[in-house]
Amino acid sequence: MTNPVIKITVRDFGTMTAELYPEKAPKTVANFVRLAEENFFEGLIFHRVIKGFMIQGGGYTEDMQDRETDSIKGEFKANGFMQNDLKHTRGVLSMARTSDPNSASSQFFVMHKDAPHLDAQYAGFGKLTDGFDVLDAIASTPTGNYGWYMQDVPRTPVVIEKIEVISK
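Quantities reported herein were computed from a predicted structural model and do not represent experimental measurements.

Visitor: Help me understand helix H1 (residues 26–37), please; the structure alone is not making it clear to me.
Guide: An α-helix turns once per 3.6 residues; consequently, residues spaced three or four apart project the same way. End to end, H1 covers 16 Å across 12 residues, agreeing with the expected 16 Å (1.5 Å per residue, within 8%). Each element contacted by the buried residues of H1 is listed here: strand E1 (5–10), strand E2 (14–20), strand E5 (92–95), strand E6 (108–111), strand E7 (124–130) and strand E10 (160–167). Downstream of H1 by a residue or two, Asn-39 has a phi angle that is positive, lying close to 60°.

Set out below in structure tokens:
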């Protein structure tokens, strides 16, 4: 059995390709693949960009309107899900969440650099195989604050044109 492969196309930046790991986080991968196949991510942005850490997207439109979907159980060790041993190294895809361990829905992040303090705390579910230059370019985007509640927002929207499942 081969792992699913996705392609993330980002306007004005290019594409990133990633392999997903259902053996590490089966419900997370199934949720992400379903959202991609439903074109949920089209037009959403990477709304939080921290060079040397990660880029986060999948929850907001260009005009900062929240797009929500159902939450899923967090598949990471600190939440009792022991089979996910994926480390948060450069290129790893992981699910964003609130302080509630079961609040992941559509927002995800891609590690720009290694962050071992996230290991076992967030549901890693894939890793880039190509497009590290795109990751670096997005991570270098100038950012600022959006209102009082959101920091590290790109000054020019970094728009996800589409996320395609190119093999299952």
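Still to come is the rest of the account.
Visitor: Could you clarify how one ought to interpret unusual backbone geometry in this entry?
Guide: Phi is mostly negative for residues that are not glycine, and the peptide bonds are mostly trans. Residues other than glycine seldom take positive phi values, yet Asp-12 does so here, at roughly 70°. On the secondary structure map, Asp-12 appears in the loop between E1 and E2. The backbone of Asn-39 shows a phi angle near 60°, a positive value even though the residue is not glycine.

Visitor: When you look at the packing of aromatic side chains in this model, what are you seeing that I'm missing?
Guide: Any aromatic ring pair is given by two values, namely how distant the centres are and how the planes are angled relative to each other. For the coordinates displayed, the defined rule picks out seven aromatic pairs. When the ring centre of Phe-40 is taken as reference, the NZ or CZ atom of Arg-67 above it lies at 5.6 Å. Residue placement shows Arg-97 over the ring face of Tyr-122; its charged tip is 4.4 Å from the ring centre.

Visitor: Help me understand the environment of Pro-26 in this model?
Guide: Its place among the elements puts Pro-26 in helix H1. Residues Pro-26 and Glu-75, 49 residues apart in the sequence, show an inter-C-alpha distance of 8.2 Å. The residues touching Pro-26, leaving out its near neighbours within four places in the chain, are Glu-75, Phe-81 and Gln-83.

Visitor: Even after reading the chapter, I still don't get the sheet that holds E1, so can you show me in this structure?
Guide: Adjacent strands of a sheet form backbone hydrogen bonds with each other and so pair up, either parallel or antiparallel. If you trace the eight strands from one edge of the open sheet to the other, you get E3-E4-E6-E5-E7-E2-E1-E10, paired in antiparallel fashion. The open sheet has two edge strands with one neighbour each: strand E3 (44–50) and E10. Looking at each pair of strands side by side, their axes are set apart by 30° on average, direction ignored. Taken together, the three bridges between E5 and E6 define a ladder with antiparallel strand orientation. Residue Ser-94 lies in a different strand from E6, and its bridge partner there is Phe-109. This element, H1, spans E1, E2, E5, E6, E7 and E10 of the sheet and lies at about 120° to E10. Across the sheet, helix H2 (residues 132–139) touches E1, E2, E3, strand E4 (54–61), E6 and E7, and the angle it forms with E2 is around 115°.

Visitor: In this structure, what is going on with a nonpolar patch on the surface? I would like to understand it.
Guide: A cluster of nonpolar side chains, contributed by Tyr-146, Trp-148 and Tyr-149, occupies part of the molecular surface with about 440 Å² of accessible area. Taking the relative accessible area as the measure of exposure, Tyr-146 reaches 34% and is therefore partly exposed.

Visitor: Explanation requested: the nonpolar core in the structure shown.
Guide: Generally speaking, nonpolar side chains in soluble globular proteins are found buried as a group. Core analysis: the largest hydrophobic core is formed by 35 residues, its most contacted members being Met-16, Phe-41, Phe-46 and Phe-108. Sort the elements by how many residues they give to this core and H1 lands first, with five residues.

Visitor: Can you help me understand H2 in this one?
Guide: Taken as a whole, H2 has its buried residues at Val-134, Leu-135, Ile-138 and Ala-139. Buried residues of H2, viewed axially, fall in a sector of 135°; they line one side. In this structure, the buried residues of H2 make contact with E1, E2, E3, E4, E6 and E7.

Visitor: When you look at the environment of Lys-7 in this model, what are you seeing that I'm missing?
Guide: Mapped onto the elements, Lys-7 comes out in strand E1. Remark: the alpha-carbon pair of Lys-7 and Leu-128, spanning 121 residues in sequence, is separated by 9.4 Å. Leaving out residues up to four positions away in the same chain, Lys-7 has contacts with Thr-15, Met-16, Thr-17, Lys-162, Ile-163, Glu-164 and Ile-166.

Scoring rules and cut-offs
- Throughout, residues of each chain are indexed from 1 in the direction in which the sequence is written.
- Reporting of local features is limited, given that this is a predicted model, to residues whose pLDDT is at least 70; pairs of side-chain atoms are given and counted only at 80 or more, and all residues count toward the totals for whole chains, interfaces and linings.
- Side-chain measures were taken over the full set of non-hydrogen atoms in the model, leaving aside hydrogen atoms and water.
- In this description a helix means any DSSP run of H or I spanning at least four residues, a strand means any run of E spanning at least two, and both kinds are numbered starting from the N terminus.
- Each residue after the first adds 1.5 Å to the expected span of a helix.
- By definition, residues are in contact when any of their heavy atoms lie within 4.5 Å.
- Only Phe, Tyr and Trp rings are paired, with Trp represented by its six-membered ring, and only when their centres lie within 6.5 Å; those with planes under 30 degrees apart are stacked, over 60 edge-to-face, the remainder tilted.
- Note on geometry: a ring has a charge over it if NZ (lysine) or CZ (arginine) is within 6 Å of the ring centre and within 35 degrees of the ring normal.
- DSSP calls a pair of strands paired once it identifies at least 2 bridges connecting them.
- For helices, the axis comes from a line fit to the C-alpha atoms of the stretch in contact; other axes are also lines fit to C-alpha atoms, and the angle between any two N-to-C directions lies between 0 and 180 degrees.
- A patch is a set of surface residues, each over 30% in relative accessible area and not in a salt bridge, joined within 9 Å for like charges and within 5 Å for the nonpolar side chains Val, Leu, Ile, Met, Phe, Trp and Tyr.
- Accessible surface is estimated by sampling points in the Shrake-Rupley manner with a 1.4 Å probe; for residues, cover comes only from the protein chains shown.
- Salt bridges are defined by distance alone: a side-chain nitrogen of Lys or Arg within 4 Å of a carboxyl oxygen of Asp or Glu.
- For the exposure calls, accessible area comes from a 1.4 Å probe over protein chains only, and a residue counts as buried if that area is under 20% of its type's maximum, exposed if over 50%, partly exposed in between.
- Nonpolar cores were defined as sets of buried Ala, Val, Leu, Ile, Met, Phe, Trp, Tyr and Cys residues, with membership established by side-chain atoms within 4.5 Å.
- Along the arc lie the directions from the helix axis toward the C-beta atoms.

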